[in-house]
Amino acid sequence: MISGWLVKLIVSLAVAALLIFEAGSPLMTRVQLDGVAAETARQAHREYSKTGSKAAATKKAEETAAESGAVLAATPIFTADAAAVTVSRKAPSVIFGKWDKTKSYYDVKVDGLSEGGL
């Protein structure tokens, strides 16, 4: 027979795991998006350097971000030496991402900058 303390322990561990997941999900998404933003900026700058077309470079940035499940959150900025992009992704959530007061915490945006396109 399962004793009361074991049930309390299991429920407490489940609640703690849920809270850790909810708090850590946006942080892990931000870490993942950091690499995506940098690679998106590098690819966009490489395309802009090759073609001189902002439209082609923006399309390349959209494709590169989409490969990693992200989207461009703003129009990329191109110069002769660099490209700057902002990518975003919604962090997974079970509870807090659905509440209006905490929803914005789960909409993660990260800036990426490419110096020299490499």
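Residues numbered from 1 in each chain as written. Predicted model: local features only at pLDDT ≥ 70, side-chain atom pairs only at ≥ 80, totals over all residues. Heavy atoms only, no water.

A.B. asks: Just checking my understanding: could you explain the side chain of Thr40 for this structure?
C.D. replies: Residue position: Thr40 is located in helix H1 (residues 4-51). Under the relative-accessibility criterion, Thr40 is labelled buried at 0%. A distance of 2.7 Å separates the side chain of Thr40 from the backbone oxygen of Val36, its partner in a polar contact. Dropping the residues within four chain positions of it, Thr40 is found in contact with Ala61, Thr64, Ala65, Leu72, Val85 and Val87. (Helix = DSSP H or I, 4+ residues; strand = E, 2+ residues; numbered from the N terminus. Buried < 20%, exposed > 50% of the residue type's maximum accessible area, 1.4 Å probe, protein only. Polar contact = N/O pair within 3.5 Å; in protein donor to acceptor, adjacent residues only side chain to side chain. Contact = heavy atoms within 4.5 Å.)

A.B. asks: In this structure, what is going on with a nonpolar patch on the surface? I would like to understand it.
C.D. replies: Judged by side-chain polarity, Val7, Val11, Val15 and Leu19 come together as a nonpolar surface patch covering roughly 330 Å² of accessible area. Topologically, Val15 is positioned in helix H1. For Val15, a relative accessible area of 44% puts it in the partly exposed group. (Patch = residues over 30% accessible without salt bridge, like charges linked within 9 Å, V, L, I, M, F, W, Y side chains within 5 Å. Areas by Shrake-Rupley, 256 points an atom, 1.4 Å probe, with all protein chains shown as cover. Salt bridge = Lys/Arg side-chain N within 4 Å of Asp/Glu carboxyl O.)

A.B. asks: Which parts of the structure should I look at to understand the pattern of salt bridges?
C.D. replies: Pairing is possible between side chains of opposite charge, provided their charged atoms come close. Evaluated as defined, the whole model comprises 5 salt bridges. The residue Arg42 makes a salt bridge to Glu39 at a minimum N-O spacing of 3.0 Å. Of this pair, Arg42 and Glu39 both sit in helix H1, 3 residues apart, which is roughly one turn of the helix. A salt bridge links Lys50 to Glu47, with the shortest nitrogen-to-oxygen separation between them at 3.9 Å. Separated by 3 residues within a single helix, Lys50 and Glu47 lie in helix H1, roughly one turn from each other. Overall, Glu47 belongs to the buried group, its relative accessible area being 18%.

A.B. asks: What should I look at first to understand the nonpolar core in this one?
C.D. replies: For soluble globular proteins, nonpolar side chains are generally found buried alongside one another. Core analysis: the biggest nonpolar cluster contains 19 residues, and Leu33, Ala70, Phe78 and Val87 have the highest contact counts within it. Going through the elements one at a time, H1, helix H2 (54-67), strand E3 (82-90) and strand E4 (107-115) are the ones with two or more residues in this core. Residue contributions to this core peak at 6 residues, all from H1. Once residues lying within four places of it in the same chain are set aside, the contact partners of Leu33 are Ala70, Val87, Ser88, Arg89, Val108 and Val110. (Core = buried A, V, L, I, M, F, W, Y, C linked by side-chain atoms within 4.5 Å.)

Interpretation in functional terms is not warranted from these geometric data alone.
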